[in-house]
Structures are given as C-alpha cells and as structure tokens.
Amino acid sequence: MSDSGDRLVRGIKWAVVAVICLPVIIGIVAFVSWRTALATEVNGKLQAIKTAGLPASGEELNKWYPEVTDSANAALVMTQAFALLRTFDDPRSNSIAAFKIPHRSESLSADDEQLLADYVKLNAPALAKAREALALPQSRYPLDMRYGNNILLPHLGKIKELARVEDYRALLAARSNRPAEAAAGVQNILGYARTLDEEPLLISQLVRAACVSMARGSLERTAAALDEPALERLAAAFNSAQRTNCMARALIGERAMFVPVFRMSWADIKQLVNLNSPDSSVAPAPPLPGKSPWFVRASGFLERDLNFYLGAMETNIDFALKPAPENLQITNVSPRIEQEAMRKKYILSAMMLPALNRVTVRQAESEAHVRLALTAIAIERFRLANKRLPATLEEAAPKFFAGVPVDPFTGQPLQYKQLPRGYVVYSLDRDGQDDGGKEKPANRKSSDKSTCDLTFTVER
C-alpha cells in the first residue's frame, strides 16, 4: 500500500478514535467541572453559615450553645430531682402509668383522687428539689451534640414526668380550694419548660411546647378556682413563656448536627451498621475521624444531597424567624421541597426534611396556647374585679392586658364567646376556619376529618 494509502488508513483510525473518545473526554470534563462547581457551592454555603456566627457541625454546636456556670445552672439541680422521681412498688404503678385526667365535664372518682394524692406525695421530694432548680437563672443540660442522631436525651422524659406530677398537684389543689398551690403547680410546669428554652434541638423544643400545652390545660381545669394574687402570678409566668425564636434555634442546631451525616467516614458507616444490628452491643459514639469513601466523594452523590439540604434548611430557618402568621407560609413551600427531594433522589434530605418542615406550625400552636391562657387570665381577673364577665375582650384592656392577643394562625384577635355557664376563648387553629369555638374531642380518631378550633373553656 502506498504511503498516501497508509496515511489515509491511519487518519480514518484516528478519526474513529476521536469520534469514540471525544464524547468521553467531554463527559469527563463536564463532570469534573460540575463536581468542582458543586464543591465550591457547598463550601460557600457552609462558610456563609460560619460567617454568620452559626454552627455547621456538632462540635461547633457544642461551642455555640453557651456553657452555664454550675452555681447558676438549673439543669444540674433538675437532674437531682429526676433521681428522686418514684413510682409505686405495687399494682398502682400500672394505674398511674395509664391514668388520664378526665375532661372537665367528667368527675374525678374518689379512688382516682386518692391515687393522684398518693402519687404526688410519693414524689414530693422530687418536686421540692425541682423548685430549687427553678430559682436559678440559667439552664444547660449536659449534652454532647457531636453524637448527632445518636445523642442521648434522658432528661426530656423526666421533665415530662415532673410536669405530669405538677399537673396532678394543681388539679387536687384546685378541687380542695387551695388557689395558691394550684397556681404554683401551673407555674412550675412553665418553669420546667423554661429549662429547655435555649436547647438547640428540635425534640427538646417539642417537649418544651408539650409542657406549655400541659400548663395551659392545667390552667383551664383550675382557672375558676384561682384568686387575684394567683392569677397575677400566672399572668407573669405565661408572659415569660412567650418565646418566638425557639424553633428557629432548634433548626439551626439540627442543621449543624446533621451536616456531618452527609460526609460520614468508613468508620462512621461501620459504626452505624453495628448500631442498627439486632445483636449489637456497640454504644452510641460521636462521629469517628476519617474521610468518606473515595468513590462517594468522587461521585458527588451525597454532596449534591447536602447542597439541597443546606438550601432547604436555610428556607426553613428564614421562615421560622418570621413572626406569625407570616412564618406559616412555609406550609406552602415545604411540600414542593419534599417533592423535589424525592424526585431528584436526595435520599438523606428526603428522610430528614419532612419532620423539620412542620415545626413552624408547632411553634404557632405553642404561641396560641400561651395567648389563650393570658386571655383567660385577663377575663378571670376582670370577673373577680367586676363580678361579671366582660362583654368583649376589649373591655378587659388595658387594665388586665395591653391589647387583645393576636391569633398566630390568622393575625387577627383571638375569638371570645360567652357560654350559658362560662365562656370560651379560641384560636382558629391551622385550618383558619372559624368553627365557633368547637373543642377538639378528647379521644379524636385519626379518621375524623371534621374541623375544630384551639380552645380555652371555663365553665362554672
């Protein structure tokens, strides 16, 4: 074959190789460019978080959540109270575990009243120690946020149990015409909630909200028996419980704790597998040192997930920082976030975000409970001063409150309606529909789709 023929053949071969390889080369260049841009974007978001003075890891969260000196730390004394909690050493332990306070329209049997009295007496030392704690100005339970989703939070269940004992104590005191003791029980429940004010964890803030709700329920059952001094003290206590930054703080903490999950090392992955093993004896531990597997880092699969998570959490935090009801607009945004996470296979984000996207609604509910309680207290104080109920909420202002509290779900004043034997104050709740003060059934089934209001009812 002539030289020209050889050159032609070689040229064709190189052309074929180029045609085959060029797309591969272009693909590699495009992937490297995308991966570099992704890393730059994620690192930029993490740097922005740190520049704002916020934590981006569990270790940084430990430093961001300020330490409290032992002499001022209510949490340390609360842990002593936890150690004093007791239950019966006989079959009554089952009865108290299953006990539910009856609806205000139902009577408390003599046997149940004795059961509660004995349980409160049994735990009197724990309540006394907890009251010592509430006299201290600050609170920080001993937590290590490096553990992430493996963090142990034994204090939360104990706080709820102490609050339950106080609820029983307040109910018994109101039935025995001891208004000061009844008010102290409600006030202490709010105090237990206050020890969680600064704890930057979602579950902690949900427990705090549950305690505030319990205090509102306890007040609802005892309000008719309270005198002016007791009501005045409770007005101050519920005013102090009006905290609107708790959920935003919790979201900041959740974000920080879960960023490392997207970059788990081999040691972390093996530890996680062992923890989930049925026969595992491995104790939870903080993240272990090391880099994530090279192929995971190279693929960018979890890095793109982290990028989405950081953006979604920024949106959640921004909305949580807004005042109600503006913050509730997140309910229109969060379904789109969840759908995108599923559609684009952001696996970790799809697992974690749904629970976080709903916290602003829980915050609004907690605010509503506080405002309903404050409104009812103002009504009761007006009634004691004037021997009648106010015709409108405005009539109770400005002596008993500066102005009618706003419904966090609507931005409009709370609703008030007199009843044949009392009154109801209510919020329109998350559906925004005025149901005339219709109370949620005590044992409402999940299949019940009827709408209700968030109510505070006092009957005599």
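Look up: the structure comes first, before these words.
Residues numbered from 1 in each chain as written. Predicted model: local features only at pLDDT ≥ 70, side-chain atom pairs only at ≥ 80, totals over all residues. Heavy atoms only, no water.

J.: How do you make sense of the overall build of the protein when you look at a structure like this?
T.: When helices and strands are counted, the protein shows 17 helices and three strands. Across the 460 residues of the protein, 46% fall into the buried class. Sequence separation of at least 24 residues holds for 72% of the intrachain contacts in the protein that already meet a minimum separation of 6. (Helix = DSSP H or I, 4+ residues; strand = E, 2+ residues; numbered from the N terminus. Buried < 20%, exposed > 50% of the residue type's maximum accessible area, 1.4 Å probe, protein only. Contact = heavy atoms within 4.5 Å.)

J.: Help me understand unusual backbone geometry, please; the structure alone is not making it clear to me.
T.: Peptide bonds are, in most cases, trans, and in most cases residues other than glycine have a negative phi. The omega torsion across Ala324 and Pro325 is 0°, close enough to zero to call that bond cis. Cis geometry marks the peptide bond from Ala397 to Pro398, where omega comes out at 5°. With respect to the element layout, Pro398 can be found in the loop between helix H17 (359-386) and strand S1 (415-419). Its identity is not glycine, yet Asn177 carries a phi of approximately 60°, on the positive side. Checked against the element boundaries, Asn177 lands in the loop between helix H7 (154-175) and helix H8 (179-194).

J.: I keep staring at the packing of helix H15 (residues 330-343) against helix H16 (residues 347-356) and nothing clicks. Help me out?
T.: Geometry of a packed helix pair, given as the angle between the helix axes and the separation of the axes. Closest axis-to-axis distance for the H15/H16 pair is 8 Å, and the angle between their directions is 165°. Here H15 lies roughly antiparallel to H16, going by the angle between them. H15 and H16 meet at a crossing whose hand is left-handed. Counted together, Ile337, Glu338, Ala341 and Met342 of H15 and Ser349, Ala350, Leu353 and Pro354 of H16 form the full contact between these two elements. Tallied by class, residues from the contact of H15 with H16 come to six nonpolar, one polar and one charged. (Axes fitted to C-alpha atoms, helices over the stretch in contact; angles between N-to-C directions. Parallel < 35°, antiparallel > 145°, perpendicular 65-115°, else oblique. Left-handed = near helix turned anticlockwise from the far one by under 90°. Nonpolar A, V, L, I, M, F, W, Y, C, P; charged D, E, K, R; others polar.)

Interpretation note: all reported values are geometric properties and have no functional meaning in isolation.
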